[in-house]
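Secondary and tertiary structure notes
Residues per chain, in single letters:
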Amino acid sequence: MLKNNDMVAFEKNKEKQEESMNNQRERLENILKGTNVGTWEWNVQTGENIINERWAEIIGYTLEEIEPHIDTWEKFLHPADLKKSKESLRHVFMKERDYYVLEFRMAHKDGHWVWVQSHGKVISWTDDGRPLWICGSHTDITDRKRAEEEMLKITALRKTLIDNIAAGVIIIDANTHVIEEINREAASRFGVPEKQIVGKVCNNFLCPDSQSKCRAMNNRKMMNNIESVMITAGGTQLPILKSIKRIFINGQEKLLETFVDISNLKKAEKEIVYLSYNDHLTGLYNRRYIEEKINKWDQKEQFPVSVIMADINGLKLMNDIYGHFEGDRLLTLAAGIIKDSCGKQGFPARWGGDEFIILIKASKQEAESVCGRIVNGCRKVDFKGIGISVSLGYEAKTYQTEEIRHVIKRAEDAMYKHKLLERRSYRNTILNSMISTLYAKSKESKEHVERLKTACKKIGIKIGLSHTELNDLELLALLHDIGKISISDVILNKSGILSGREWDEMRKHSEIGCRIAQAYPELTQIAEFILSHHERWDGTGYPRHLKGEEIPLLSRILAVIDAYDAMTNDRVYRKAMTKGMAIEELVRYSGTQFDPEIVKIFIETEMEQEQIRSD
């Protein structure tokens, strides 16, 4: 009887356990349904696979349509995801990991791919340590992956946009000031790749004074057009103009900083300021600076004060002969000497043109010493074979309240008196230097000039020129080719035929020679003759294509004599002709190149000289 009671109790207890297990199974199934998760169980040794309805639904099937085997899972798996899936399983099977979490794609019944997140864990092992049963779940994450892909597209688009902005763009965490994102332009300005900047505190890239401006942003929503200084990877300070704005990304507060490099702007600003007070050619102060300095010193009643005025002699002549580039070089050389001579107590400036001024906090005696240093410095400089000539005048304030402009006027007067004394002497020095330079450059000999002077005088007397005209003709013989000093040595001494460009350069010498003569009062009367000595009787000469008697008489005389002397003496481009051959050439070109009457008289004179020599 007891046994029967025990059996009844046992059966009742068994029923309760089964009921409890069923309840738990039902609860678990409800939980799984609630979480919308597919489940699977896989016997690794036999390949048996147990899946629930949701596992099949994720890929568009019913449970009845799917064969429950591990090969079924591999059949639906995206080929590109198979390798990484098996690798995850291998780690778990080798007990290198307790479980795996993996995302992969599976083929849907409708033909598209479904993204699945799979969790798996080995729950039992064989006696020899091999995996027996592994269980896990599948969760459909397609919507999440699509959202992530869209976010990636948006992020990539945002990155593309900000990378193509000319300004630097930085996104900073508003609380930590850590740089989270940076565009290509900003990284380029920092001088390092983006990955070396992201994650760093932005203050590491700012000068101390700029850091305080950045901290001031903590209590403001926006800051526009702040001038700041960035520290590049090389340690260089880069001036920037930036704006900062508070923004929210995914609900998190950020600082959006945009900036532009203003180093060129700053450089231009400095240059503008520099040019406002400095002469662009010489680098000395300009007139504006000195006039402001004068006003300040007058207000302070500065004393002692001396003024030195300087004028560079011969600048116009140098410009006419050698061109304005050489004239500028002369001014620059002189400015350097003036600056070095006045020391730190003086304020040298270009007053205008070829004039300079020095304001100096010194006595008249000290100003005189400065003038001495300037003169000595100019004498030591070799410019075109001569030194630099400078006329100087200096004066000092005679009492404390005297206006400096009165001192300037007295210094200018002294300078102009000095210039009158220097001018003639320096012009003669330049002229003699030019004649020596011409002989050296063109290999013209003094003998050639003497032959021209002698022949010109004979012709001039024969045709009845006045004493003044004979003197002018002699000067013309001496200086007719003076303009060649500005022609390249290569062209002057070329043994071959000149090119078209070289001829154009050579033809300029008569105009240059004319300008040189015009710079000397005692030579102005021959300037026209120098200009015209390459004109031709038929009007095909240069530079003005004068014809016949439009050409000055002295120029016509010189043209015949110069051509004869050139033909009867060796030149770099040919050997000398005989006198007879040269006379034949003169006759051939009489009436085209030469004045026929002058040719006739010249030949008669030469024949007379030959007769005298033979007798």
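Throughout what follows, the structure given in this document is the object of discussion. (Residues numbered from 1 in each chain as written. Predicted model: local features only at pLDDT ≥ 70, side-chain atom pairs only at ≥ 80, totals over all residues. Heavy atoms only, no water.)

When its secondary structure is counted, the protein chain shows 22 helices and 14 strands. Per-residue burial over the protein chain gives 43% buried out of 615 residues. A separation of at least 24 residues holds for 55% of the contacts in the protein chain among residues at least 6 apart in sequence. With an accessible surface of roughly 34,300 Å², the protein chain has 52% of that area assigned to carbon and sulfur atoms. (Helix = DSSP H or I, 4+ residues; strand = E, 2+ residues; numbered from the N terminus. Buried < 20%, exposed > 50% of the residue type's maximum accessible area, 1.4 Å probe, protein only. Contact = heavy atoms within 4.5 Å. Areas by Shrake-Rupley, 256 points an atom, 1.4 Å probe, with all protein chains shown as cover.)

The terminal C-alpha atoms of helix 4 (residues 79-93) lie 22 Å apart, and with 15 residues this matches the ideal 21 Å at 1.5 Å per residue to within 8%. The inward-facing, buried residues of helix 4 contact strand 1 (38-43), helix 3 (70-76), strand 3 (99-107), strand 4 (113-125) and strand 5 (131-140). In the stretch just after helix 4, K95 is the one whose phi turns positive, near 60°. (Expected span 1.5 Å × (residues − 1).)

This part takes up the sheet that holds strand 5. Strand order in the open sheet made by the five strands is 2-1-5-4-3, with antiparallel pairing throughout. For this open sheet the edge positions go to strand 2 (49-51) and strand 3, each flanked by a neighbour on one side alone. Within this sheet the neighbouring strands show an average axis-to-axis angle of 25°, counted without direction. Strands in contact with helix 4 are strand 1, strand 3, strand 4 and strand 5; relative to strand 3, the strand with the most contacts, it is inclined by about 160°. Strands strand 3, strand 4 and strand 5 of the sheet are contacted by helix 5 (residues 142-163), whose axis makes an angle of about 125° with strand 4. (Pairing = 2+ DSSP bridges. Axes fitted to C-alpha atoms, helices over the stretch in contact; angles between N-to-C directions.)

Attention now goes to the packing of helix 15 (residues 467-479) against helix 20 (residues 553-567). Where helix 15 meets helix 20, the axes come as close as 10 Å, and the angle between the chain directions of the two elements is 45°. The angle between the axes of helix 15 and helix 20 places the two elements in the oblique class. The crossing of helix 15 and helix 20 is right-handed. Mapping the contact onto sequence places E469, D472, L473, L476 and A477 in helix 15 and L554, S555, I557 and L558 in helix 20. The residue inventory of the contact of helix 15 with helix 20, partitioned by class, reads six nonpolar, one polar and two charged. (Parallel < 35°, antiparallel > 145°, perpendicular 65-115°, else oblique. Left-handed = near helix turned anticlockwise from the far one by under 90°. Nonpolar A, V, L, I, M, F, W, Y, C, P; charged D, E, K, R; others polar.)

It is worth spelling out the sheet that holds strand 13 (residues 355-360) at this point. Strand order in this open sheet of four strands is 12-13-11-14, and the pairing throughout is antiparallel. Across the chains shown, the open sheet's two edge strands, defined by having one partner strand only, are strand 12 (346-352) and strand 14 (390-396). Within the sheet, the average angular offset between the axes of one strand and its neighbour, ignoring direction, is 20°. In terms of strand pairing, strand 11 (residues 306-312) meets strand 13 through six bridges, oriented antiparallel. Within the sheet, the bridge partner assigned to M309 lies in strand 13 and is I357. Running at roughly 130° to strand 12, helix 9 (residues 287-300) makes contact with strand 12 and strand 13 of the sheet.

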